[in-house]
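A structural walkthrough
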Amino acid sequence: MNTEQFRICPESGLQFHKPAERLMRTLAVTAIVILLFGGITALLVTLTRWPAVHLLPPDRFYQMLTLHGVNMLIFWIISFEIAILYFCSSTLLRCRLATPRIAWLGFALMVIGVVVNNAAVLKGDASVMMTSYVPMPANPNFYLGLILFAVGALLGCFVFLGTLVIAKEEKTYKGSIPLVTFGALTACIIAVFTIASGAIILIPTYMWSMGWIDHIDPVMYRLIWWALGHSSQQINVAAHVAVWYAIAAIVFGAKPLSEKVSRTAFLLYIAFLQLASAHHLLVDPGISSTWKIFNTSYAMYLAVLASMVHGLTVPGSIEVAQRAKGFTQGLFQWLRKAPWGNPVFSGMFISLLGFGFLGGISGVVMGTEQINIIIHNTIYVPGHFHATVVIGTTLAFMSLTYFLIPVLFRRQLVMPWLASWQPYLFGIGMGVFTTVMMGAGTLGVARRHWDMAFTDSALGFDYPASAYTLMGLVGISGILSIVGGAIFILVTVLSVFFGKPVASASPYGVSATVLPKAEPTIEPEGGHAALGKWGFAAPGTFVFAIFFLAIFVVYYAVNWKYLASVWPMQ
Amino acid sequence: MSAIQPPAETIWWKQPLDRVEGTWIGIAFVWSLIMFFMMPFWHIYGKQNLSNEAYRTTPAAFMAKTQAMVSEYTVRTETDLQLPVVHPPPGSDVYLIGRLWQWWPLLELEKGQTYRLHISSMDWQHGFSLQPVNINTQIIPGYEMVLTITPDTSGDQTIICNEYCGINHHTMVGKIYITDGGS
């Protein structure tokens, strides 16, 4: 091993391969620049949907909404995820990154893709929303940019897989890969499927936009496009769950309750999420109910089961680690004594709660074949996915970034007090935002719609006053979240470029627990279950889980009741 | 070892489950099965299900059928655009066109009667969103969707478009008037 190529972080004990480190830093900075751009468009979109403000004219609104969608849902998240893949392979397995030059080529393609796609939208003839449903045409460069980005990301996936091979060949670890790397591998496998689906539909669509093909069937487009559009969100789920486990390990030295359960749950994502594009076709013509019911659930909702398992095992592993440290009083002392001022932890925990309670429950409810009739294309839908992708994925990645600034960028965090408030502002702002959005959607307010007052229309329609109140709250809570996002960007950019070099201890005391020299948790007599109650190792988490299930059941039943009130149809 | 390190036990797949995990997996799995069975259950016992009835069509063919209905059953026109209001007989086939940026024609249906509502698009994709009753479906060019509906509420309903369809998407509004029957 060429030791010149490696650096050991004195804080965490993590070992960085220098070429991989440069790639991770560049990818993370690029991702945050895209996040900034996405945030500016978020502000413009929010201020337009806030009825009292109604800022932009319609053409600008749809243009900004298109930019917001592609930059946030695809470019920001996937750029950051490629950095996570390199971290989970090269850093966690303590080995060199495979073919750094190919990795740089992939990065270059991704950046070119972002620029080409964004330029097409800014030019004004590609305001087709992220979904670009045919036969609405866009400037061909819109599709070309997405294709280039996808090829670049695919190269990143192959570099990750190659690095796993190198680590195994060079025996840089013993036994199996860590759980977090396993989760990243899950994300990578889903990413390869996703990108392949994207290629299958976007390449013909590009050819159609160039005039080389004269027809693309719109239902086929929707089916295959959503294997890109929805599966890419499943990359996010796998990646941010891996980040949750990583943060539980970093902050608490937590070990998985059982490797078997957590890994099987990740495998369920691969096996049962892929055709979840069915969720988007539940009210489409030409597709049978049998197909819809089967593909929305695979007869037993095993992907939902997987998320419910992670929802228990991640906080459960934290509870066990905390109990082992002596926080054994009652059901919740372990949680009260958690480091709530540390944004690495607080962000991760808010991400977990928001993803489960808001994003998870709403997603399953609206993915039910018949209930989708009262939700499809209302603003409920963006309410749901902002809970999964913004509170779930983005906030988890923000938390990880606070850890990476001292470790990867070797800078102290500037304004740590501001950073410690940021997850609360962003997470709670977004929690209100998604809740009121779903409320407005229940009243029938449309998504992707410039004017809920229909002022220019010949016939007109008046939503109830409560819908306007809810959309006003969408505006206010949206602004709060955007301020939270801006604080994140401010703190990270200032820290990376102007922060003091890390001298000794990082501000959040994550140092000693990251890679403990010895076995981290003390196994008490009779296993760690002895520290819990009722023979449960994590009784507090179990009570939370039951509380979650109760809300889930009630909300599910309420939606069936609402459905039963609409016109009979068959 | 923590989750960012290789498992301490090489044979980790033989470690027994914690009781908390096993219990939760059991509960969650039962709930997952219940959620699945609710969907076929509602097809049998519920009243709100999409029909699965759909046909391939063309804009010209669908326009011809709609025009025939409009010619036969128009009862009045509305607004400066002279939009026809059609009152088709109960139980009949009713046609509705989505196009940039209009739902055409306006419909007048009787409360409590059943109609076969055919919907298709002349151009891009549209979203049929009936408010305030809140029924939403996807309307796709080349596909004719058939919904067998029974309006059981009084009061007028508005059709808005909730699939983005270009610059005047927000002006795409139609109406379904509900009369109290016996007309």
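Please read all numbers here as calculations on a predicted model, not as lab measurements.

1. Describing the overall build of chain B
When its secondary structure is counted, chain B shows two helices and twelve strands. Listed N to C, the secondary structure of chain B is α-β-α-β-β-β-β-β-β-β-β-β-β-β in terms of helices and strands. At 24 Å, chain B has a C-alpha radius of gyration far larger than the 16 Å of a compact globule built from 183 residues. Seen along its three principal axes, the alpha-carbon backbone of chain B occupies a region of about 80 × 40 × 30 Å. In chain B, which comprises 183 residues, the share counted as buried stands at 45%. Counting only contacts in chain B whose residues sit at least 6 apart along the sequence, the fraction spanning at least 24 positions is 54%.

2. Some remarks on the nonpolar core
All names here are of chain A. Grouped together as the largest cluster of nonpolar side chains are 250 residues, with contacts concentrated most on Val 180, Ala 242, Tyr 245, Ile 247 and Ala 248. It is helix α2 (residues 58–91) that provides the largest number of residues to this core, a total of 21 residues. With residues near it in sequence (within four places) discarded, Ile 247 still touches Val 344, Phe 345, Met 348, Ser 399 and Leu 400.

3. A look at the domain arrangement of chain A
All names here are of chain A. Annotation of chain A at the domain level lists domain 1 (13–177) and domain 2 (350–451 + 461–503). The distance between the C-alpha centroids of domain 1 and domain 2 comes to 19 Å. Between domain 1 and domain 2, the residue contacts involve 26 residues of the former and 23 residues of the latter. Within the residue set of the side of domain 1 that touches domain 2, elements represented by two or more residues are α1 (18–49) and α2. In terms of residue count, α1 provides more of the side of domain 1 that touches domain 2 than any other element does, 14 residues in total. Per-class residue counts for the side of domain 1 that touches domain 2 are 21 nonpolar, two polar and three charged.

4. Quick notes on the environment of Ile 44 of chain B
Residue and element names in this part refer to chain B. By secondary structure assignment, the location of Ile 44 is in helix α1 (residues 19–45). The exposure class assigned to Ile 44 is exposed, which follows from the 7 C-beta atoms found within 10 Å. With 64 residues separating them in the primary sequence, Ile 44 and Glu 108 have C-alpha atoms 30 Å apart.

5. With respect to the packing of helix α3 (residues 100–123) of chain A against helix α4 (residues 140–169) of chain A
All names here are of chain A. Direction vectors running N to C along α3 and α4 enclose 160°, while the axes themselves pass 7 Å from each other. Comparing the axis directions of α3 and α4 gives the class roughly antiparallel. Between α3 and α4 lies a crossing of left-handed hand. Considered class by class, the residues forming the contact of α3 with α4 number 21 nonpolar, seven polar and no charged.

6. Section: the sheet that holds strand β12 (residues 173–179) of chain B
Residues and elements named next belong to chain B. A sheet is described by the order of its strands in space; here seven strands give the open sequence β2-β3-β6-β12-β11-β8-β9, paired in mixed fashion. Edge positions in the sheet fall to β2 (74–78) and β9 (135–139), since each has one partner strand and no second. Each strand axis lies, on average, 20° off the axis of its neighbour in the sheet, ignoring direction. In the packing of helix α2 (residues 59–73) onto the sheet, the strands contacted are β2 and β3 (83–86), and the crossing angle to β3 comes to about 75°.

7. With respect to α4 of chain A
All names here are of chain A. Taking 1.5 Å per residue, 30 residues should reach 44 Å; α4 reaches 44 Å between its end C-alpha atoms and fits that length. Counted residue by residue, α4 has 21 buried out of 30 residues, so it is predominantly covered. Count one or two residues on from α4 and you reach Lys 171, which has phi positive near 50°.

8. Quick notes on the interface of chain B and chain A
Taken together, the contacts link 77 residues of chain B with 91 residues of chain A. Of all elements in the fold, only α1, β8 (126–131), β9, β10 (143–149), β11 (157–161) and β12 of chain B reach the threshold of two or more residues within the side of chain B that touches chain A. If you tally residues by element for the side of chain B that touches chain A, the top one is α1 of chain B, at 18 residues.

9. What to know about the sheet that holds strand β7 (residues 115–121) of chain B
Residues and elements named next belong to chain B. Read across the sheet, five strands follow the order β1-β10-β7-β4-β5 without closing on themselves; strand pairing throughout is mixed. Since the sheet does not close on itself, it has two edges, and those belong to β1 (54–56) and β5 (102–104), each with one partner. Each neighbouring strand pair of the sheet contributes to a mean axis angle of 20°, computed without reference to strand direction. Sheet topology note: the strand β4 (residues 93–99)/β5 ladder contains three bridges and is antiparallel. Pairing of Ile 97 across the sheet is with Trp 104, part of β5.

10. Some remarks on the environment of Phe 128 of chain B
Residue and element names in this part refer to chain B. With respect to the helices and strands, the residue Phe 128 is situated in strand β8. For the pair formed by Phe 128 and Ile 139, sequence separation is eleven residues and the distance between their alpha carbons is 6.5 Å. Apart from the residues within four sequence positions on either side, Phe 128 is in contact with Gly 98, Ile 119, Asn 136, Thr 137, Ile 139 and Ile 159.

Here is what the cut-offs are and how they apply
Residues numbered from 1 in each chain as written. Chains lettered and ligands numbered in written order. Predicted model: local features only at pLDDT ≥ 70, side-chain atom pairs only at ≥ 80, totals over all residues. Helix = DSSP H or I, 4+ residues; strand = E, 2+ residues; numbered from the N terminus. Rg over C-alpha atoms; globule rule 2.2 N^0.38 Å. Buried ≥ 20, exposed ≤ 12 C-beta atoms within 10 Å, placed from the backbone. Contact = placed C-beta atoms within 7 Å. Core = buried A, V, L, I, M, F, W, Y, C linked by C-beta atoms within 7 Å. Domains from an automatic or database assignment. Nonpolar A, V, L, I, M, F, W, Y, C, P; charged D, E, K, R; others polar. Axes fitted to C-alpha atoms, helices over the stretch in contact; angles between N-to-C directions. Parallel < 35°, antiparallel > 145°, perpendicular 65-115°, else oblique. Left-handed = near helix turned anticlockwise from the far one by under 90°. Pairing = 2+ DSSP bridges. Expected span 1.5 Å × (residues − 1).

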